[in-house]
Amino acid sequence: MEKGYKKKKKWNFNGNEEVNGSTSTISVRGVYNKLTENIKKEDKRGVVRLCRADPTDFFKTTNHASHAIAQALHSFHFNCYSPSGGLPKARRAVADYLSSDLPYKLPPENIFITSGCTGAINIIITVLACHGANILLPRPGYPQYESRAAFCRLQVRHFDLLPEKGWEVDLDSIEALADENTVAMVLINPSNPCGNVFSYQHLQKVAETARKLGIFVISDEVYAHITFGSKPFVPMGVFASIVPVITLGSLSKRWVVPGWRLGWIATCDPDEILQHMEIVTNIRNYLDISCSSPTIVQAALPQILAKTNDDFYTKNLDIMRETVNIFYDRCKDIPCLTCSHKPEGTMVVMVQINFSQIEGIADDVDFCTMLAKEESVILLPGVTVGLKNWIRITFAVDPCELEEGLSRIKAFGLRHAKKLS
Ligand SMILES: *Cc1c(COP(=O)(O)O)cnc(C)c1O
């Protein structure tokens, strides 16, 4: 009787299209989980994960950061709710940290502490989603922007990053896309998923283009200072006198603590233009109804930002430079993949699949699914970041693991090589 009742009863809930639609195709975690289902348990070699940029498998944060957290915890002073914008001392710490790279001083009131950079993205996209508005996003890009925009029904338009120009922004396409309802554009620098670092000159051109169009720039700098090529990292906030900039960042990548959920929004706005657009009021109001970053982590933040030893950063960058070199050299030996631009920053790189070299593989998703099944290697299909038939590879892993992964990819490509007729 109980069973029959369950079958017959029709419940009113039918699922949320925005949630279901966005997680399976345009979320890194969703795609990762799906690909992982293809791993064969009997493969004794183990899984090589080059899909997500979670560096904690190989890189460890500093003892110093852990002690700062322990101290905050043991004080019993930070078991409370956080104020909406974050603890005042945490906001001041981020303001000081960011100001050291800027030609002006950011006041603490311009900083909002968020639950990771993901929290910062969710807040900013939600605030921008006014009726009829649209936003310009890079392609390829970081899918959280698309997912959240779909959620809030904010219209998205994509401009291209050009592989043949070292992934520079196609500035002409920005001008063609923008209209009077375009509110902002997003730039990710250093660039996830491309691994390039934008030059000072190019950023200045982006700022001038945005100014001309009357849109401000959201600069996702979650990989700030994670650079190991010839170009230094330049914060977009340097150009805030040309165009207002909203900078997003977090502890997750540089300090290797993505589980700590501490990020920030910084309004770089020396001329108080954002203030007049009421963006800042909107952010403040939205923070009152969103989830704060853990108070304990906020309390530890000033120590983490001010006292992390330069050796820690340098050592990690040296390792990443080494893994990038391994990746770039080995990749030249894999006929089914082409890397057009050696990464200069971040933890990830885009490579193109050469379908002229292989057969029996339909597209990037097929490539990644078969690779997971046959070789227990997980890569991210390019379609997830907006570029079909490319692949995103994470290189910030144990060098031995990277070598192992690349040799399995090579074997996979040879096994599926096009037969000469
Ligand atoms: C990792 C990442 C984020 C998310 O950062 P969290 O602090 O872990 O939420 C945001 N943007 C980009 C480009 C990222 O690579």
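In this text the structure is predicted, and so the values were computed from the model without any measurement.

Q: Any chance you could explain the UniProt feature "domain: Aminotransferase class I/classII large" (unreviewed entry) in the chain here in plain terms?
A: In this structure's numbering, the residues bearing the UniProt feature "domain: Aminotransferase class I/classII large" (unreviewed entry) are residues 47-409. End-to-end, the C-alpha atoms of residues 47-409 are 13 Å apart, and along that stretch the chain is 38% helix and 17% strand.

Q: Even after reading the chapter, I still don't get the nonpolar core, so can you show me in this structure?
A: Generally speaking, nonpolar side chains in soluble globular proteins are found buried as a group. Ranked by size, the top nonpolar core spans 143 residues in total, and within it I218, L251, F327, L337, F367 and L379 carry the most contacts. For this core, the element with the most residues is helix α13 (residues 310-331), which contributes 9 residues. Two domains each provide a minimum of three residues to this core, namely domain 1 (30-59 + 311-415) and domain 2 (63-307). In this structure I218 touches I124, L128, I135, A184, M185, V186, L187, I246 and L248, once residues within four positions along its chain are discounted.

Q: Looking at this structure, how should I read the sheet that holds strand β14 (residues 390-394)?
A: Read from one edge to the other, the open sheet built from 4 strands follows the order β10-β11-β14-β13, with strand pairing classed as antiparallel. Where the open sheet ends on each side, the last strands, each with one partner, are β10 (337-338) and β13 (380-381). Two strands pair when backbone bridges link them, and β10 and strand β11 (residues 348-353) are joined in this way by 2 bridges, in the antiparallel orientation. Its bridge partner lying in β11, L337 is registered against I353.

Q: Got a minute to help me understand the pattern of salt bridges in this structure?
A: Side chains that differ in sign of charge can pair as their charged atoms come close. Enumeration over the complete set of coordinates arrives at 15 salt bridges. Between D318 and R321 there is a salt bridge, with the nearest N and O atoms lying 2.8 Å from each other. A residue pair is termed a helical-turn pair when its members lie 3 or 4 positions apart in one helix, as D318 and R321 do in helix α13 at 3 residues. Accessibility expressed as a relative area gives 40% for D318, which makes it partly exposed. According to the relative accessible area criterion, R321 is partly exposed, its value standing at 34%. Its salt-bridge partner being R408, residue E404 comes within 2.6 Å of it at the nearest N-O pair. Of this pair, E404 and R408 both sit in helix α15 (residues 399-415), separated by 4 residues, roughly a single helical turn. Accessibility expressed as a relative area gives 3% for R408, which makes it buried. Residues participating in the shared-partner salt-bridge network are D43, R45, E374, E375 and R415.

Q: It is not clear to me how helix α4 (residues 63-74) should be interpreted in this structure. Could you clarify?
A: Residue pairs spaced three or four apart in an α-helix point in one direction, given the helix's 3.6 residues per turn. Given a rise of 1.5 Å per residue, 12 residues ought to cover 16 Å, and the 16 Å separating the end C-alpha atoms of α4 matches this to within 8%. Residues of α4 that are buried: A65, A68, I69 and A72. The arc that holds every buried residue of α4, seen down its axis, measures 95°, which confines them to one face. Residues of α4 that are exposed and angled more than 90 degrees away from the buried face: N63, H67, Q71 and H74. Lining the buried residues of α4 we find α12 (295-307). One or two residues past the end of α4 sits F76, with phi positive at roughly 65°.

Q: Please explain the site of the ligand as it appears in this structure.
A: The environment of the ligand is formed by 14 residues, the closest being T118, N192, D220, S252 and K253. One of the side-chain nitrogen or oxygen atoms of T118 is found 2.5 Å away from an oxygen atom of the ligand. Measuring from an oxygen atom of the ligand, one finds a side-chain N or O atom of K253 at 2.9 Å. If the ligand stood free it would expose 380 Å²; the protein chains cover 94% of that surface.

Q: How do you make sense of the UniProt feature "modified residue: N6-(pyridoxal phosphate)lysine" (unreviewed entry) in the chain when you look at a structure like this?
A: Within this structure's numbering, the places UniProt gives as "modified residue: N6-(pyridoxal phosphate)lysine" (unreviewed entry) are K253. As for its position among the elements, K253 is in the loop between β8 (245-250) and β9 (263-268). Not counting residues up to four positions away in its chain, the partners in contact with K253 are A53, V222, Y223, I226 and M347. Among the polar contacts listed, one links the side chain of K253 to the side chain of Y223, at a separation of 3.4 Å.

Basis of the calculations
Residues numbered from 1 in each chain as written. Predicted model: local features only at pLDDT ≥ 70, side-chain atom pairs only at ≥ 80, totals over all residues. Heavy atoms only, no water. UniProt positions renumbered as here; feature names shortened; annotations may be inferred. Helix = DSSP H or I, 4+ residues; strand = E, 2+ residues; numbered from the N terminus. Core = buried A, V, L, I, M, F, W, Y, C linked by side-chain atoms within 4.5 Å. Buried < 20%, exposed > 50% of the residue type's maximum accessible area, 1.4 Å probe, protein only. Domains from an automatic or database assignment. Contact = heavy atoms within 4.5 Å. Pairing = 2+ DSSP bridges. Salt bridge = Lys/Arg side-chain N within 4 Å of Asp/Glu carboxyl O. Expected span 1.5 Å × (residues − 1). Arc of directions from axis to C-beta. Near = heavy atom within 4 Å. Polar contact = N/O pair within 3.5 Å; in protein donor to acceptor, adjacent residues only side chain to side chain. Areas by Shrake-Rupley, 256 points an atom, 1.4 Å probe, with all protein chains shown as cover.

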